[in-house]
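Structure at a glance
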Amino acid sequence: MRHDHPMKPATSDACCGGPDVSLAPAPSRRALLTASAGLAAGAAALPFLSDSARAQAAGANADGLLAQVQGRRRILLKGGVVLTLDRGIGDFAQVAISSDDAAVIDATNRIVVPGFVDTHHHFYQGLLRSILTNGLLNPDYSRDIGNTLTPAYAPADAYAGVLVTALGMIDMGTTTAVDTSQVSHTPEHSDACIRALQESGMRAVYAYWRGSGPDMRYPQDIVRLRRTYFSSQDQLLTLALGAVLDTNVFTYAREVGVHCVSHGVSNNTERTLLELGRAGLLRPGDEYIHCTHLSDTAWRLLKDTGARISIAAPIEMAMGHGLPPIQAALDHGIRPSLSSDVDATMAQDPFTIMRAAFTLQRLMLLQRARGGEQNLPPLLTCRDVLEFATIEGARCAGLESKVGTLTPGKEADIVMLTADRLNVWPLNNAPGAVVNVMNPSNVDTVFIAGKVKKWRGNLVDVDAARVLRVVQEARDAVVRRSGFQMNLLG
Ligand SMILES: [Zn+2]
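For the structure given in this document, a descriptive report is provided here. Since the structure is predicted, the reported quantities are computational estimates derived from the model, not experimental observations.

Side chains that differ in sign of charge can pair as their charged atoms come close. For the structure on display, the rule yields 23 salt bridges. R481 serves as the salt-bridge partner of D157, at 2.8 Å between the closest nitrogen and oxygen. Here D157, found in helix α4 (residues 155-171), pairs with R481, found in helix α16 (residues 464-482); they are 324 residues apart in sequence, far enough to count as distant. With a relative accessible area of 4%, D157 lands in the buried category. Among the salt bridges present, the one from E199 reaches R195, with a minimum N-O distance of 3.6 Å. Here E199 pairs with R195, and both are found in helix α5 (residues 187-200), just 4 residues apart, close to one helical turn. We classify E199 as buried; its relative accessible area is 10%. Among the ionic contacts, a cluster of salt bridges with common partners joins R87, R335, D384, E387, E392 and R395.

Here you go:
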(Lines give C-alpha, C1' and ligand atoms only; values in the text may rest on other atoms or scores of the structure.)
Protein backbone atom coordinates (compact mmCIF):
# COMPACT_ATOMS: atom_id res chain seq x y z
CA MET A 1 0.00 0.00 0.00
CA ARG A 2 1.28 3.41 -0.88
CA HIS A 3 -0.02 6.61 0.66
CA ASP A 4 0.33 10.09 -0.70
CA HIS A 5 0.86 12.91 1.73
CA PRO A 6 1.20 16.64 1.45
CA MET A 7 4.93 17.02 2.05
CA LYS A 8 6.55 20.04 0.55
CA PRO A 9 9.85 19.86 -1.30
CA ALA A 10 12.88 20.61 0.78
CA THR A 11 14.06 24.14 1.07
CA SER A 12 17.28 25.01 -0.71
CA ASP A 13 19.26 25.34 2.48
CA ALA A 14 18.47 21.78 3.42
CA CYS A 15 21.44 20.31 1.56
CA CYS A 16 24.44 21.88 3.18
CA GLY A 17 26.91 20.37 5.53
CA GLY A 18 26.38 16.66 5.51
CA PRO A 19 24.09 13.83 4.57
CA ASP A 20 20.42 14.47 4.00
CA VAL A 21 17.94 11.81 4.96
CA SER A 22 14.87 11.46 2.81
CA LEU A 23 11.61 9.78 3.66
CA ALA A 24 8.97 10.75 1.13
CA PRO A 25 7.15 8.61 -1.42
CA ALA A 26 8.45 10.21 -4.59
CA PRO A 27 11.61 12.10 -5.54
CA SER A 28 9.72 15.23 -6.50
CA ARG A 29 8.10 15.39 -3.08
CA ARG A 30 10.86 14.00 -1.01
CA ALA A 31 11.08 15.05 2.61
CA LEU A 32 14.62 16.11 3.29
CA LEU A 33 15.97 16.27 6.77
CA THR A 34 19.37 17.78 7.16
CA ALA A 35 22.62 17.29 8.95
CA SER A 36 24.18 19.88 11.17
CA ALA A 37 27.07 21.62 9.46
CA GLY A 38 29.15 21.63 12.59
CA LEU A 39 28.90 17.94 13.15
CA ALA A 40 31.24 16.22 10.74
CA ALA A 41 34.44 17.60 12.18
CA GLY A 42 33.70 16.36 15.68
CA ALA A 43 33.44 12.71 14.86
CA ALA A 44 36.91 11.77 13.73
CA ALA A 45 39.01 12.00 16.87
CA LEU A 46 36.89 10.37 19.53
CA PRO A 47 39.20 8.87 22.13
CA PHE A 48 36.93 5.92 22.82
CA LEU A 49 37.05 4.81 19.22
CA SER A 50 39.47 2.18 18.14
CA ASP A 51 40.51 0.41 14.99
CA SER A 52 39.00 -2.75 16.42
CA ALA A 53 35.63 -1.02 16.82
CA ARG A 54 35.75 0.12 13.24
CA ALA A 55 36.79 -3.34 12.07
CA GLN A 56 33.97 -4.83 14.10
CA ALA A 57 31.46 -2.49 12.50
CA ALA A 58 32.85 -3.22 9.08
CA GLY A 59 32.65 -6.94 9.74
CA ALA A 60 29.02 -6.64 10.74
CA ASN A 61 28.38 -4.86 7.50
CA ALA A 62 29.66 -7.20 4.87
CA ASP A 63 27.49 -5.63 2.17
CA GLY A 64 29.22 -2.30 2.58
CA LEU A 65 25.98 -0.42 3.07
CA LEU A 66 27.13 1.18 6.30
CA ALA A 67 30.12 2.65 4.50
CA GLN A 68 27.77 3.99 1.84
CA VAL A 69 25.47 5.46 4.47
CA GLN A 70 28.43 7.13 6.14
CA GLY A 71 29.88 8.36 2.87
CA ARG A 72 26.97 9.57 0.76
CA ARG A 73 25.46 13.00 0.98
CA ARG A 74 21.98 11.58 0.53
CA ILE A 75 20.34 8.69 2.37
CA LEU A 76 16.93 7.28 1.49
CA LEU A 77 14.86 5.18 3.85
CA LYS A 78 12.74 2.84 1.79
CA GLY A 79 9.68 0.90 2.82
CA GLY A 80 9.12 1.78 6.47
CA VAL A 81 5.98 2.79 8.31
CA VAL A 82 6.73 6.45 8.96
CA LEU A 83 5.25 8.25 11.97
CA THR A 84 6.32 11.83 11.31
CA LEU A 85 4.58 13.18 14.44
CA ASP A 86 4.04 16.30 12.32
CA ARG A 87 0.29 16.83 12.30
CA GLY A 88 0.53 18.89 9.13
CA ILE A 89 2.23 16.08 7.25
CA GLY A 90 0.60 12.98 8.67
CA ASP A 91 1.98 9.49 8.51
CA PHE A 92 2.48 7.09 5.70
CA ALA A 93 2.41 3.35 5.62
CA GLN A 94 5.09 2.73 3.06
CA VAL A 95 7.78 4.68 1.30
CA ALA A 96 8.73 4.08 -2.33
CA ILE A 97 11.94 5.51 -3.62
CA SER A 98 13.45 6.10 -7.02
CA SER A 99 17.06 6.29 -6.16
CA ASP A 100 19.69 8.52 -7.70
CA ASP A 101 23.02 8.86 -5.97
CA ALA A 102 21.64 8.02 -2.57
CA ALA A 103 22.51 5.26 -0.17
CA VAL A 104 19.24 3.35 0.11
CA ILE A 105 18.33 1.76 3.43
CA ASP A 106 15.64 -0.88 3.31
CA ALA A 107 13.22 0.00 6.12
CA THR A 108 10.77 -2.81 5.40
CA ASN A 109 9.06 -3.91 8.62
CA ARG A 110 10.58 -0.97 10.43
CA ILE A 111 8.71 1.85 12.14
CA VAL A 112 10.45 5.14 11.49
CA VAL A 113 9.98 7.80 14.19
CA PRO A 114 11.70 11.00 15.29
CA GLY A 115 14.42 10.41 17.86
CA PHE A 116 13.09 10.35 21.40
CA VAL A 117 13.71 13.35 23.66
CA ASP A 118 14.36 12.96 27.41
CA THR A 119 14.01 16.34 29.09
CA HIS A 120 15.62 15.64 32.45
CA HIS A 121 18.40 13.24 33.27
CA HIS A 122 21.42 13.61 35.55
CA PHE A 123 23.97 12.21 33.13
CA TYR A 124 26.94 12.03 35.48
CA GLN A 125 25.06 9.42 37.52
CA GLY A 126 25.57 6.80 34.82
CA LEU A 127 28.17 5.30 37.18
CA LEU A 128 25.50 4.79 39.82
CA ARG A 129 22.92 2.79 37.89
CA SER A 130 20.63 0.85 40.22
CA ILE A 131 22.85 1.65 43.19
CA LEU A 132 19.78 3.04 45.01
CA THR A 133 17.19 0.85 43.41
CA ASN A 134 14.78 0.77 46.36
CA GLY A 135 15.48 4.28 47.57
CA LEU A 136 13.22 7.23 48.28
CA LEU A 137 14.00 10.84 47.43
CA ASN A 138 14.20 11.59 51.15
CA PRO A 139 16.14 10.56 53.02
CA ASP A 140 17.86 7.97 50.78
CA TYR A 141 18.67 9.90 47.61
CA SER A 142 19.66 13.08 49.39
CA ARG A 143 21.92 11.19 51.77
CA ASP A 144 23.51 8.62 49.44
CA ILE A 145 23.58 10.28 46.02
CA GLY A 146 23.46 13.97 46.89
CA ASN A 147 25.68 14.09 49.95
CA THR A 148 27.88 10.98 49.75
CA LEU A 149 28.56 9.78 46.20
CA THR A 150 28.27 12.96 44.15
CA PRO A 151 30.81 14.97 46.20
CA ALA A 152 33.34 12.16 45.59
CA TYR A 153 33.35 12.65 41.81
CA ALA A 154 36.56 13.76 40.13
CA PRO A 155 36.30 15.29 36.65
CA ALA A 156 37.29 11.97 35.02
CA ASP A 157 34.42 10.27 36.83
CA ALA A 158 31.94 12.87 35.62
CA TYR A 159 33.25 12.32 32.10
CA ALA A 160 32.77 8.55 32.35
CA GLY A 161 29.28 8.85 33.82
CA VAL A 162 28.11 11.29 31.17
CA LEU A 163 29.64 9.26 28.37
CA VAL A 164 28.00 5.97 29.32
CA THR A 165 24.67 7.69 29.85
CA ALA A 166 24.76 9.40 26.47
CA LEU A 167 25.85 6.29 24.59
CA GLY A 168 23.26 4.23 26.43
CA MET A 169 20.57 6.70 25.47
CA ILE A 170 21.54 6.68 21.81
CA ASP A 171 21.52 2.88 21.92
CA MET A 172 17.93 3.02 23.22
CA GLY A 173 16.70 5.55 20.68
CA THR A 174 16.95 8.75 22.72
CA THR A 175 18.70 11.22 20.44
CA THR A 176 18.19 14.39 22.50
CA ALA A 177 18.24 14.98 26.24
CA VAL A 178 18.52 17.71 28.83
CA ASP A 179 21.48 16.95 31.08
CA THR A 180 20.49 18.39 34.46
CA SER A 181 24.08 18.17 35.53
CA GLN A 182 24.61 18.88 39.26
CA VAL A 183 28.24 17.81 39.49
CA SER A 184 30.13 21.06 38.78
CA HIS A 185 32.36 20.96 41.84
CA THR A 186 35.02 22.78 39.78
CA PRO A 187 35.14 24.27 36.28
CA GLU A 188 37.07 21.15 35.24
CA HIS A 189 34.08 19.01 36.16
CA SER A 190 31.89 21.06 33.81
CA ASP A 191 34.50 20.79 31.06
CA ALA A 192 34.59 17.01 31.49
CA CYS A 193 30.80 16.70 31.25
CA ILE A 194 30.67 18.79 28.10
CA ARG A 195 33.56 16.88 26.53
CA ALA A 196 31.74 13.58 27.09
CA LEU A 197 28.55 14.96 25.56
CA GLN A 198 30.52 16.19 22.54
CA GLU A 199 32.26 12.85 22.07
CA SER A 200 29.06 10.86 22.35
CA GLY A 201 27.55 12.60 19.32
CA MET A 202 24.26 13.04 21.16
CA ARG A 203 22.12 16.17 20.88
CA ALA A 204 21.85 17.66 24.34
CA VAL A 205 21.03 20.69 26.41
CA TYR A 206 23.73 21.05 29.02
CA ALA A 207 21.91 22.59 31.98
CA TYR A 208 24.87 23.89 33.96
CA TRP A 209 24.25 23.43 37.63
CA ARG A 210 25.93 23.70 40.96
CA GLY A 211 28.15 21.06 42.52
CA SER A 212 29.65 21.24 45.98
CA GLY A 213 32.86 22.31 47.66
CA PRO A 214 35.01 25.45 47.80
CA ASP A 215 36.00 25.45 44.11
CA MET A 216 32.48 25.61 42.76
CA ARG A 217 31.95 28.59 40.43
CA TYR A 218 28.18 28.43 40.04
CA PRO A 219 26.50 30.26 38.49
CA GLN A 220 29.02 32.72 37.07
CA ASP A 221 31.12 30.07 35.28
CA ILE A 222 28.28 29.82 32.76
CA VAL A 223 29.78 32.87 31.03
CA ARG A 224 33.06 31.03 30.44
CA LEU A 225 31.24 27.88 29.37
CA ARG A 226 29.19 29.77 26.85
CA ARG A 227 32.22 31.51 25.40
CA THR A 228 34.23 28.29 25.25
CA TYR A 229 31.69 25.74 24.05
CA PHE A 230 28.45 27.36 22.94
CA SER A 231 29.35 30.24 20.67
CA SER A 232 27.74 28.52 17.66
CA GLN A 233 24.02 27.89 17.17
CA ASP A 234 24.87 25.25 14.59
CA GLN A 235 25.93 22.43 16.87
CA LEU A 236 24.44 19.55 18.81
CA LEU A 237 24.92 21.09 22.26
CA THR A 238 23.05 24.02 23.71
CA LEU A 239 23.33 25.68 27.10
CA ALA A 240 20.86 26.43 29.89
CA LEU A 241 21.13 27.28 33.57
CA GLY A 242 19.94 24.62 35.98
CA ALA A 243 18.41 26.05 39.09
CA VAL A 244 16.22 25.58 42.07
CA LEU A 245 13.54 28.24 42.32
CA ASP A 246 15.62 31.15 43.54
CA THR A 247 15.33 34.86 42.80
CA ASN A 248 19.06 35.46 42.55
CA VAL A 249 19.64 32.60 40.12
CA PHE A 250 16.68 33.54 37.94
CA THR A 251 17.80 37.16 37.91
CA TYR A 252 21.27 36.01 36.85
CA ALA A 253 19.87 33.78 34.11
CA ARG A 254 17.89 36.71 32.75
CA GLU A 255 21.04 38.88 32.75
CA VAL A 256 23.02 36.20 30.94
CA GLY A 257 20.14 35.48 28.58
CA VAL A 258 19.73 31.72 28.97
CA HIS A 259 16.75 29.53 29.75
CA CYS A 260 16.30 28.21 33.27
CA VAL A 261 15.81 24.51 33.93
CA SER A 262 14.15 24.38 37.34
CA HIS A 263 14.30 21.34 39.54
CA GLY A 264 12.28 20.64 42.64
CA VAL A 265 9.12 22.40 41.51
CA SER A 266 6.29 21.24 43.78
CA ASN A 267 3.75 22.45 46.29
CA ASN A 268 6.68 22.86 48.71
CA THR A 269 8.31 25.50 46.50
CA GLU A 270 5.19 27.01 44.99
CA ARG A 271 5.34 30.19 47.05
CA THR A 272 8.74 31.00 45.51
CA LEU A 273 7.44 30.20 42.05
CA LEU A 274 4.63 32.70 42.48
CA GLU A 275 7.09 35.31 43.77
CA LEU A 276 9.29 34.79 40.72
CA GLY A 277 6.22 35.23 38.57
CA ARG A 278 5.25 38.48 40.32
CA ALA A 279 8.82 39.71 39.86
CA GLY A 280 8.56 39.07 36.11
CA LEU A 281 11.48 36.65 36.14
CA LEU A 282 9.84 33.71 34.33
CA ARG A 283 10.39 33.49 30.57
CA PRO A 284 8.77 31.52 27.75
CA GLY A 285 10.77 28.35 27.17
CA ASP A 286 11.91 27.91 30.75
CA GLU A 287 11.67 24.28 31.88
CA TYR A 288 10.02 23.14 35.12
CA ILE A 289 10.64 19.62 36.38
CA HIS A 290 8.23 17.44 38.42
CA CYS A 291 5.58 20.13 39.21
CA THR A 292 3.84 17.83 41.66
CA HIS A 293 0.77 19.00 43.56
CA LEU A 294 0.77 22.59 42.31
CA SER A 295 -2.28 24.80 42.76
CA ASP A 296 -4.42 26.10 39.91
CA THR A 297 -2.82 29.49 40.44
CA ALA A 298 0.65 28.08 39.88
CA TRP A 299 -0.45 26.13 36.80
CA ARG A 300 -2.04 29.24 35.31
CA LEU A 301 1.19 31.14 35.93
CA LEU A 302 3.18 28.42 34.17
CA LYS A 303 0.79 28.42 31.24
CA ASP A 304 0.73 32.22 30.97
CA THR A 305 4.53 32.49 31.06
CA GLY A 306 5.10 29.88 28.34
CA ALA A 307 6.51 27.23 30.65
CA ARG A 308 7.70 23.84 29.44
CA ILE A 309 6.98 20.92 31.75
CA SER A 310 9.03 17.78 32.33
CA ILE A 311 7.40 14.86 34.10
CA ALA A 312 9.50 11.92 35.30
CA ALA A 313 6.58 9.61 35.96
CA PRO A 314 8.41 6.39 36.94
CA ILE A 315 10.79 8.14 39.34
CA GLU A 316 8.12 10.37 40.84
CA MET A 317 5.96 7.34 41.56
CA ALA A 318 8.77 5.15 42.88
CA MET A 319 10.74 7.67 44.94
CA GLY A 320 8.00 9.68 46.59
CA HIS A 321 8.06 12.96 44.69
CA GLY A 322 4.26 12.87 44.50
CA LEU A 323 1.67 12.29 41.83
CA PRO A 324 3.06 12.85 38.31
CA PRO A 325 0.96 15.81 37.11
CA ILE A 326 0.14 14.60 33.62
CA GLN A 327 -3.56 15.38 33.89
CA ALA A 328 -2.96 18.62 35.78
CA ALA A 329 -0.72 19.87 32.97
CA LEU A 330 -3.25 18.84 30.31
CA ASP A 331 -6.10 20.45 32.27
CA HIS A 332 -4.20 23.74 32.12
CA GLY A 333 -3.47 23.51 28.41
CA ILE A 334 0.12 22.31 28.68
CA ARG A 335 1.20 19.16 26.90
CA PRO A 336 4.08 17.80 28.97
CA SER A 337 7.38 16.27 27.98
CA LEU A 338 8.74 13.13 29.61
CA SER A 339 11.96 12.39 31.42
CA SER A 340 13.86 9.64 33.18
CA ASP A 341 15.64 11.65 35.94
CA VAL A 342 17.96 9.22 37.74
CA ASP A 343 19.00 5.74 36.78
CA ALA A 344 20.36 5.19 40.27
CA THR A 345 16.81 3.97 40.76
CA MET A 346 15.00 3.43 37.45
CA ALA A 347 15.65 2.69 33.77
CA GLN A 348 16.31 5.59 31.41
CA ASP A 349 14.83 3.98 28.31
CA PRO A 350 12.07 5.88 26.49
CA PHE A 351 9.70 2.91 26.36
CA THR A 352 9.55 2.60 30.14
CA ILE A 353 8.92 6.33 30.43
CA MET A 354 6.18 6.36 27.79
CA ARG A 355 4.35 3.36 29.21
CA ALA A 356 4.46 4.82 32.72
CA ALA A 357 2.78 8.00 31.47
CA PHE A 358 0.18 6.06 29.48
CA THR A 359 -0.79 3.70 32.27
CA LEU A 360 -0.78 6.31 35.03
CA GLN A 361 -3.01 8.85 33.27
CA ARG A 362 -5.47 6.15 32.32
CA LEU A 363 -5.50 4.66 35.80
CA MET A 364 -6.26 8.05 37.33
CA LEU A 365 -9.12 8.79 34.95
CA LEU A 366 -10.57 5.30 35.06
CA GLN A 367 -10.58 5.43 38.84
CA ARG A 368 -12.47 8.73 38.69
CA ALA A 369 -14.96 7.16 36.30
CA ARG A 370 -15.31 4.22 38.62
CA GLY A 371 -16.13 6.67 41.38
CA GLY A 372 -19.03 8.02 39.35
CA GLU A 373 -17.47 11.19 38.00
CA GLN A 374 -18.90 12.39 34.68
CA ASN A 375 -17.53 14.46 31.80
CA LEU A 376 -13.98 13.38 32.33
CA PRO A 377 -11.10 14.48 30.11
CA PRO A 378 -10.07 12.05 27.37
CA LEU A 379 -7.84 9.09 28.02
CA LEU A 380 -4.36 9.43 26.61
CA THR A 381 -3.69 7.55 23.40
CA CYS A 382 -0.41 6.00 22.35
CA ARG A 383 -0.05 8.79 19.80
CA ASP A 384 -0.40 11.41 22.54
CA VAL A 385 2.34 9.74 24.51
CA LEU A 386 4.56 9.43 21.46
CA GLU A 387 4.16 13.18 20.94
CA PHE A 388 5.14 13.81 24.56
CA ALA A 389 8.30 11.75 24.00
CA THR A 390 9.25 13.51 20.75
CA ILE A 391 7.86 16.90 19.73
CA GLU A 392 6.89 18.00 23.23
CA GLY A 393 10.34 17.00 24.41
CA ALA A 394 11.86 19.03 21.61
CA ARG A 395 9.77 22.04 22.61
CA CYS A 396 10.82 21.65 26.22
CA ALA A 397 14.46 21.53 25.17
CA GLY A 398 14.02 24.60 22.97
CA LEU A 399 14.86 22.53 19.90
CA GLU A 400 11.51 22.22 18.11
CA SER A 401 12.85 24.05 15.06
CA LYS A 402 15.50 21.34 14.64
CA VAL A 403 14.01 18.05 15.88
CA GLY A 404 10.93 16.36 17.37
CA THR A 405 9.12 15.61 14.11
CA LEU A 406 10.14 14.28 10.72
CA THR A 407 9.54 17.53 8.89
CA PRO A 408 11.32 18.86 5.79
CA GLY A 409 14.04 21.28 6.80
CA LYS A 410 14.50 19.90 10.28
CA GLU A 411 17.65 18.00 11.14
CA ALA A 412 17.55 14.25 10.68
CA ASP A 413 17.27 12.72 14.15
CA ILE A 414 15.61 9.45 13.19
CA VAL A 415 15.05 6.11 14.88
CA MET A 416 14.19 2.94 12.99
CA LEU A 417 12.40 0.38 15.16
CA THR A 418 12.23 -3.27 14.23
CA ALA A 419 8.73 -4.66 14.05
CA ASP A 420 9.41 -8.12 12.63
CA ARG A 421 10.63 -9.57 15.90
CA LEU A 422 8.99 -12.19 18.06
CA ASN A 423 8.11 -9.60 20.72
CA VAL A 424 6.24 -7.32 18.30
CA TRP A 425 5.06 -9.06 15.12
CA PRO A 426 2.55 -8.84 13.48
CA LEU A 427 2.39 -5.10 13.10
CA ASN A 428 -1.23 -4.05 13.56
CA ASN A 429 -0.98 -0.52 14.97
CA ALA A 430 2.24 1.43 14.70
CA PRO A 431 1.90 3.96 17.59
CA GLY A 432 0.67 1.15 19.82
CA ALA A 433 3.57 -1.06 18.86
CA VAL A 434 6.06 1.68 19.70
CA VAL A 435 4.54 2.86 22.96
CA ASN A 436 2.95 -0.24 24.42
CA VAL A 437 4.79 -3.20 22.96
CA MET A 438 8.40 -2.40 22.10
CA ASN A 439 11.51 -2.16 24.26
CA PRO A 440 15.08 -1.00 23.59
CA SER A 441 15.94 -4.25 21.82
CA ASN A 442 13.74 -3.06 18.97
CA VAL A 443 15.92 0.01 18.31
CA ASP A 444 17.62 -0.96 15.08
CA THR A 445 19.17 2.15 13.54
CA VAL A 446 19.63 5.67 14.86
CA PHE A 447 20.57 8.89 13.08
CA ILE A 448 21.47 12.15 14.78
CA ALA A 449 21.69 15.18 12.49
CA GLY A 450 21.85 12.80 9.55
CA LYS A 451 24.82 10.84 10.85
CA VAL A 452 24.34 7.17 11.56
CA LYS A 453 25.02 6.48 15.25
CA LYS A 454 23.53 2.99 15.52
CA TRP A 455 23.37 0.58 12.64
CA ARG A 456 21.43 -2.67 12.59
CA GLY A 457 21.54 -3.09 16.34
CA ASN A 458 25.07 -1.86 17.07
CA LEU A 459 26.45 1.55 17.95
CA VAL A 460 28.75 2.81 15.22
CA ASP A 461 32.39 3.63 15.97
CA VAL A 462 32.10 2.96 19.68
CA ASP A 463 34.56 0.72 21.48
CA ALA A 464 32.06 -0.59 24.00
CA ALA A 465 34.62 -2.69 25.88
CA ARG A 466 36.75 0.38 26.46
CA VAL A 467 33.79 2.46 27.61
CA LEU A 468 32.76 -0.27 30.05
CA ARG A 469 36.27 -0.42 31.46
CA VAL A 470 36.52 3.36 31.92
CA VAL A 471 33.11 3.41 33.58
CA GLN A 472 33.93 0.60 35.97
CA GLU A 473 37.17 2.27 37.01
CA ALA A 474 35.33 5.53 37.65
CA ARG A 475 32.60 3.78 39.61
CA ASP A 476 35.22 2.04 41.75
CA ALA A 477 36.99 5.34 42.39
CA VAL A 478 33.83 7.19 43.40
CA VAL A 479 32.62 4.42 45.67
CA ARG A 480 36.07 4.11 47.30
CA ARG A 481 36.45 7.84 47.91
CA SER A 482 32.93 8.24 49.25
CA GLY A 483 33.04 5.24 51.58
CA PHE A 484 29.62 4.22 50.28
CA GLN A 485 28.69 0.58 50.91
CA MET A 486 27.36 -1.02 47.75
CA ASN A 487 25.11 -4.02 48.06
CA LEU A 488 25.36 -6.07 44.88
CA LEU A 489 22.88 -8.73 45.99
CA GLY A 490 20.57 -6.54 48.05
ZN1 LIG B 1 16.16 15.21 38.75
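Turning to the packing of helix α8 (residues 270-278) against helix α9 (residues 296-304), a few remarks are in order. Packed helices, taken two at a time, are described by their axes: the angle between them and the distance between them. Remark: α8 packs on α9, axes separated minimally by 10 Å, with the N-to-C direction vectors making an angle of 40°. In this view, α8 runs oblique relative to α9, as classed from their interaxial angle. For the pair α8 and α9, the crossing hand works out as left-handed. Residue-level inspection shows E270, L273, L274 and G277 of α8 in contact with α9, the latter providing T297, A298, L301 and L302. Across the contact of α8 with α9, the residue classes break down as 5 nonpolar, 2 polar and 1 charged.

All right, on to the coordination of the zinc ion then. Every protein donor of the zinc ion is accounted for by H120 (NE2), H122 (NE2), H263 (NE2) and D341 (OD), and the metal-donor separations fall at 2.0 to 2.2 Å. For the zinc ion, the 4 donor atoms in the first shell make angles of 84 to 165° at the metal, a pattern classed as irregular. Between consecutive donors of the zinc ion, the numbers of intervening residues give the motif H-x1-H-x140-H-x77-D. Here H120 is found in strand β7 (residues 116-121), whereas its partner H263 is found in strand β11 (residues 260-266), with 143 residues between them in sequence. For H120, a relative accessible area of 0% puts it in the buried group.

Take the sheet that holds strand β14 (residues 337-338) next. One open sheet holds the 8 strands; their spatial order is β7-β8-β9-β10-β11-β12-β13-β14, and the pairing between them is parallel. Whereas interior strands pair on both sides, the edge strands pair on one side only; in this sheet they are β7 and β14. Relative to β11, strand β10 (residues 237-243) is paired through 3 bridges, and the arrangement is parallel. Across the sheet, the residue bridging to L241 is C260, located in β11. Its contacts with the sheet put α4 on β7 and β8 (174-180), and the angle it makes with β8 is roughly 150°.

Turning our eyes to something else, we now look at α4. The end-to-end C-alpha separation of α4 is 24 Å, in line with the 24 Å expected for 17 residues at 1.5 Å each. Counting buried positions over the 17 residues of α4 gives 14, a clear majority of the element. Looking one or two residues beyond α4, the residue adopting positive phi is G173, at roughly 95°.

The next thing to look at is the packing of aromatic side chains. Centre distance and the angle of the planes are the two values used to describe a pair of aromatic rings. What the rule picks out here adds up to 4 aromatic pairs. Judged by centre distance (5.0 Å) and plane angle (80°), the rings of Y124 and Y153 are edge-to-face. Within this pair, whereas Y124 is found in the loop between β7 and α3 (137-149), its partner Y153 is found in the loop between α3 and α4, the two being separated by 29 residues in sequence. Taking relative accessible area as the criterion, Y124 reaches 2% and is therefore assigned buried. Geometrically, the ring pair formed by Y229 and F230 is edge-to-face, given 6.4 Å between the ring centres and 75° between the ring planes.

Basis of the calculations
Counting restarts for each chain: residues are numbered from 1 in the order of the written sequence. Residue-level local features of this predicted model are given only where pLDDT is at least 70; pairs of side-chain atoms are given and counted only at 80 or more, and the full residue set underlies all totals for whole chains, interfaces and linings. Here the side-chain values reflect all heavy atoms present in the structure, with hydrogen atoms and water set aside. The rule for a salt bridge is simple: a side-chain nitrogen of Lys or Arg has to be within 4 Å of a carboxyl oxygen of Asp or Glu. Put simply, DSSP H or I for four residues or longer makes a helix, DSSP E for two residues or longer makes a strand, and each gets a number counted from the N terminus. Here's how the labels work: a residue is buried when its accessible area is under 20% of the maximum for its type, exposed when over 50%, partly exposed in between, all with a 1.4 Å probe on protein chains only. To get an axis, fit a line to the C-alpha atoms, keeping to the stretch in contact for a helix; angles then go from 0 to 180 degrees between the N-to-C directions. Under this scheme an angle from 65 to 115 degrees is roughly perpendicular, one under 35 degrees roughly parallel, and one over 145 degrees roughly antiparallel; angles in between are oblique. A clockwise turn of the near helix away from the far one marks a right-handed crossing, whereas an anticlockwise turn of less than a right angle marks a left-handed crossing. Whether two residues are in contact is decided by their heavy atoms, any of which lying within 4.5 Å being enough. Nonpolar residues are Ala, Val, Leu, Ile, Met, Phe, Trp, Tyr, Cys and Pro. Charged residues are Asp, Glu, Lys and Arg, and all others, Gly as well, are polar. Only nitrogen, oxygen and sulfur atoms qualify as donors, and only when within 2.8 Å of the metal (3.2 Å in the case of Na, K and Ca); with water excluded, sites may look incomplete. All geometry calls rest on donor angles, where a four-donor set with angles between 85 and 135 degrees is tetrahedral, four- and six-donor sets with opposite donors more than 155 degrees apart and all others between 65 and 115 are square planar and octahedral, and all else is irregular. Each pair of strands is called paired provided DSSP finds at least two bridges between the two strands. To estimate the expected span of a helix, count its residues, drop one, and scale the result by 1.5 Å. For Phe, Tyr and Trp, rings pair up if their centres lie within 6.5 Å, where Trp contributes its six-membered ring, and each pair is then called stacked (planes under 30 degrees apart), edge-to-face (over 60) or tilted (otherwise).

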